[in-house]
Amino acid sequence: MARIAFDHTDADAFASTRHLGDQAAAEWRTAVARHLDPGPGLRLLDLGAGTGSWAKAFSSWFPGLEVTAVEPSAAMRERSVYQPVLAGDAADIPLTDASADAAWISTVIHHVPDLNVAARELRRVLRPGALVLIRSAFAGRHEAITLFRYFPEAVRVLDTYPSIAQVETAFAGAGFSTVGLEQIPQITAASLPEAARTLRRAAHTPLQLITDQEYDTGVRRLRQAALTDAGPVIDALDLLVLRRA
């Protein structure tokens, strides 16, 4: 399911640096609530749940919501702050037919090797009318993400990710329609110096897939900028919302 190994090193880095703070997470809670009414008894599939931060957040935000976390990486499952986490991926979701009311897919879609297969599998496990909420950076949409300002070489990696149009086309073939697209701002780090200090290459797929020289050059750019820019790091990722027929 992944472009990278998501071994213990990757999982440690992800758990240490990729969980959003309360304020940033609150922006996403508000965005989700604009599209989804997650009342008691509703079942949400968190596909590619990683180290469980989103599954834990959804459970806290919406009491009574049943969250089913699914993650292919054993290292990620071991470090999950939410339990249980089921083994599975986008081509083989361990749920019965028409058993989930919505799906959350956060920074995962670029790891899916076959979007058409994933769309059909999601159609199988979702009930009619269910929403798929995809939080991601998409090809051609790097401008609002600070990381690419200091690591512009990583844009070429991002541009190998699926575009919004490619995702929409694959899901349309499985009977999904687009019902929303918006950019959600988030405070990724309290300051640029903090971002520079806590950066771990293993936590970011685009940084793993550039050369060592390109990475080292980007780190120097970031650290130099951090000497004079002390403001918060505010990024914006896309939220693409699809509905099952």
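Further up the page is the structure itself.
As the structure is a computational prediction, the values presented were derived from the model and not from experiment. (Residues numbered from 1 in each chain as written. Predicted model: local features only at pLDDT ≥ 70, side-chain atom pairs only at ≥ 80, totals over all residues. Heavy atoms only, no water.)

S.K.: Give a description of the side chain of H111 that names residues and reports values.
M.R.: Relative to the elements of secondary structure, H111 occurs in the loop between β4 (100–106) and α5 (115–125). A distance of 3.3 Å separates the side chain of H111 from the side chain of H110, its partner in a polar contact. (Helix = DSSP H or I, 4+ residues; strand = E, 2+ residues; numbered from the N terminus. Polar contact = N/O pair within 3.5 Å; in protein donor to acceptor, adjacent residues only side chain to side chain.)

S.K.: Before we move on, can you summarise the pattern of salt bridges with the specific residues and values?
M.R.: In the structure shown here, the tally under the stated rule is ten salt bridges. Where R124 meets E121, a salt bridge forms, and the shortest distance between an N and an O atom there is 2.8 Å. Of the two residues, R124 and E121 both sit in helix α5, three residues apart, roughly one turn of that helix. R124 gets classed as partly exposed once you look at its relative accessible area, which sits at 27%. Across the salt bridge formed by D238 and R141, the nearest N and O atoms sit 2.7 Å from each other. Remark: R141 occurs in the loop between β5 (126–136) and α6 (147–150) and D238 occurs in strand β7 (residues 233–244); sequence separation between them is 97 residues. (Salt bridge = Lys/Arg side-chain N within 4 Å of Asp/Glu carboxyl O. Buried < 20%, exposed > 50% of the residue type's maximum accessible area, 1.4 Å probe, protein only.)

S.K.: Can you explain the packing of α5 against helix α8 (residues 164–172)? Please cite residues and give values.
M.R.: One can describe the packing of α5 onto α8 by two numbers: an axis separation of 8 Å at closest approach and a directional angle of 50 degrees. Here α8 runs oblique to α5, going by the angle between their axes. Our pair here, α5 against α8, has a crossing hand that is right-handed. Taken together, the residues of α8 that come into contact with α5 (itself represented by L115, N116, A119 and L122) are Q166, V167, A170 and F171. (Axes fitted to C-alpha atoms, helices over the stretch in contact; angles between N-to-C directions. Parallel < 35°, antiparallel > 145°, perpendicular 65-115°, else oblique. Left-handed = near helix turned anticlockwise from the far one by under 90°. Contact = heavy atoms within 4.5 Å.)

These figures come from the coordinates and say nothing about function on their own.
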